[in-house]
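# Breakdown of the fold
Chain by chain, the residues:
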Amino acid sequence: MCANMQSNPEKRRDTASRDGEGPRDEAQADAERETLMMELTRLVQKSVRESSWWERRGIDCSILTAAFISLPAGFLLLGSCQTLYFLSGVLMMGVAHAVITVKGTHLASHGALSESPAWAHFWAVFFIEVCGSFSARAGVQAHVKMHHAHTNVITLGDSSTWKMPFLPRSVYLFIAPLAVPIITPIVAISQLKGQSPLLILRTVLCVCLGFFSQYYLLRCVSGLSCSSALLVMLLCRAMFSLPYIHVNIFQHIGLPMFSATNRPKRIYQMTHGVLNLPRNLLLDWTFGHSLISCHVEHHLFPFLSDNMCLKVKPLVSQYLKEKKLPYQEDAYVSRLSLFFHRYQELMVFTPPITELVGIQ
Ligand SMILES: [Zn+2]
């Protein structure tokens, strides 16, 4: 039922009629589409209501707490003269950093860590600014208000911020991501333009607090020299930046793209424009299910925590398959190969607008 073609409402209606849909009443069709999303929402809400606090937030909060608890051991191991202990320290700090700055910032940006709006705001500032060296306001705006609200809508949520067409494919896919820890605070500074002086002051103070506390502890607890401390910080912060960039582009780019003036209903937008990767023990823990194997569920229900996304996954996938809607999944290596071989088409050229012929 889905085909690529340039935006043309007349042609679209004609094609819909030819496909045997007949001259359907628009209002009735709209109501049917709303019903699908409402029906799925009811099923998911029922599952959420039947879940305990532990399932709704406790598991994810515990994983984040475990990452913070592992930090003292990481600092102590980094002070060891023995290579194996030192490398264990680097690994421990790198994993903890990924859990805190990817899983933590992502859940915090959606307000999924607390039911209280005040606490949700506090956690967003703590995770995004102190731990993630980015502006909470700009992060929420870019991720929640643009990417989620306008998923795969060209010029709004088309993931083009991830594109760097001037870079060759090997550099983009395997080398440039290592610079993410350096680029992030620079982009954060550029995002401060136009914000209130108080907000700018808060962001600068929080980013400095996060950066200098890690530096200070590496110097004082681990006993590292100035240059070694900075090098360890870069190593730990860049450890997961390759999969971080990969995951961000694999799950949306190359899938159907929509026009801002003629976008499909939400359930079609998300099922066609979002893809799940398979479960992966390391990335499930560090990035969270909502960014790996439950990205479709996350885009349909962004308020759910990682664990709840995993819990409702069978329900959502079964429902979508029953309703003959796509439930897109692909392996990490398969996506990497696709982006490597079709880099020009996917990451350099502007994607064509897709119309969901026949079901619109
Ligand atoms: Zn999200």
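Keep in mind it's a predicted model, so treat the numbers as computed, not measured. (Residues numbered from 1 in each chain as written. Predicted model: local features only at pLDDT ≥ 70, side-chain atom pairs only at ≥ 80, totals over all residues. Heavy atoms only, no water.)

### Here's the deal with the side chain of His106
The criterion, for reference: The helix and strand labels rest on DSSP assignments: H or I over at least four residues marks a helix, E over at least two residues marks a strand, and numbering proceeds from the N terminus. Partly exposed describes any residue whose relative accessible area lies between the buried limit of under 20% and the exposed limit of over 50%, with all areas from a 1.4 Å probe on protein chains only and scaled to the type maximum. Polar contacts, as counted here, are pairs of nitrogen or oxygen atoms within 3.5 Å of one another; within protein the pair requires one atom able to donate a hydrogen and one able to accept it, and residues that are adjacent in sequence qualify only if both atoms are side-chain atoms. Residue contacts are defined here by distance: any two heavy atoms, one from each residue, within 4.5 Å place the two residues in contact.
Within the secondary structure, His106 is located in helix α5 (residues 83-109). Its relative accessible area of 6% is what places His106 among the buried residues. Separated by 3.0 Å, the side chains of His106 and His143 make a polar contact. Among the polar contacts listed, one links the side chain of His106 to the side chain of His298, at a separation of 2.9 Å. The contact partners of His106, leaving out residues within four places of it in the chain, are His143, His148, Ser290, Leu291 and His298.

### Examining helix α17 (residues 332-341)
What counts here: The directions considered for the arc are those from the helix axis to the C-beta atoms.
Residues of α17 that are buried include every one of Arg335, Leu336 and Phe339, and no others. Down the axis, α17 shows its buried residues gathered within 100 degrees of arc, on one side only. Turned more than 90 degrees away from the buried face of α17, the exposed residues are Val333 and His341. For α17, the secondary structure elements touched by its buried residues are α8 (169-175), α12 (241-250) and α18 (343-348).

### So, the pattern of salt bridges
Let me state the cut-off plainly: A pair is scored as a salt bridge if a Lys or Arg side-chain nitrogen falls within 4 Å of a carboxyl oxygen belonging to Asp or Glu.
Evaluated as defined, the whole model comprises ten salt bridges. Two residues, Asp306 and Lys103, come together in a salt bridge whose shortest N-O distance is 2.9 Å. Here Asp306 is found in helix α16 (residues 306-322), whereas its partner Lys103 is found in helix α5, with 203 residues between them in sequence. Judged by its relative accessible area of 1%, Asp306 is buried. Beyond isolated ion pairs, a larger network of salt bridges with shared partners links Arg56, Arg57 and Glu115.

### A look at the packing of helix α10 (residues 197-220) against helix α11 (residues 226-238)
Put simply, the rule is: Angular values range over 0 to 180 degrees, each being the angle between N-to-C directions of two axes fitted as lines to C-alpha atoms, with helices fitted over their stretch in contact. Oblique is the label for any angle not covered by the other classes, which are roughly parallel (under 35 degrees), roughly antiparallel (over 145) and roughly perpendicular (65 to 115). Rotating anticlockwise by less than a right angle from the far helix to the near helix defines a left-handed crossing, while the corresponding clockwise rotation defines a right-handed one. Gly is put with the polar residues, along with every residue not named as nonpolar or charged; the nonpolar set is Ala, Val, Leu, Ile, Met, Phe, Trp, Tyr, Cys and Pro, and the charged set is Asp, Glu, Lys and Arg.
At a closest axis distance of 9 Å, the pairing of α10 and α11 adopts a crossing angle of 125 degrees. Considering the angle they form, α10 stands oblique to α11. α11 is crossed by α10, and the crossing has right-handed handedness. Taking contact as the criterion, the partners of Gly210, Phe211, Gln214, Tyr215, Leu218 and Arg219 in α10 are, on α11, Cys226, Ala229, Leu230, Val232, Met233 and Arg237. Residue classes in the contact of α10 with α11 are distributed as eight nonpolar, two polar and two charged.

### Re a nonpolar patch on the surface
The test is simple: Any residue with relative accessible area above 30% and no salt bridge may belong to a patch, with like charges joined within 9 Å and the nonpolar Val, Leu, Ile, Met, Phe, Trp and Tyr side chains within 5 Å. Where accessible areas are quoted, they stem from the Shrake-Rupley method and a 1.4 Å probe; at the residue level, only the protein chains shown are allowed to cover.
Residues Leu76, Tyr216, Leu217 and Val221 make up a contiguous nonpolar surface patch of about 390 Å² in total accessible area. Mapped onto the elements of the fold, Leu217 is located in helix α10.

### Let's talk about the environment of Pro351
Looking at where Pro351 falls in the secondary structure, it is placed in the loop between α18 and β2 (354-355). In this structure, the C-alpha to C-alpha distance between Pro351 and Gly254, residues 97 residues apart in sequence, is 7.8 Å. Those residues in contact with Pro351 that lie beyond four places of it in its chain are Ile154, Lys163 and Met257.

### A word on the environment of Met164
With respect to the helices and strands, Met164 occurs in the loop between α7 (136-148) and α8. Of the residues examined, Met164 reaches a relative accessible area of 28% and is grouped as partly exposed.

### Digging into the coordination of the zinc ion
Threshold: Sites may look incomplete, because water is not among the atoms used; the donor set itself consists of N, O and S atoms within 2.8 Å of the metal (3.2 Å for Na, K and Ca).
Coordination sphere of the zinc ion, protein contribution only: His106 (NE2), His110 (NE2), His143 (NE2), His148 (NE2) and His298 (NE2), at 2.0 to 2.2 Å. Along the chain, the residues that donate to the zinc ion are spaced as H-x3-H-x32-H-x4-H-x149-H. Each member of the pair, His143 together with His148, is buried.

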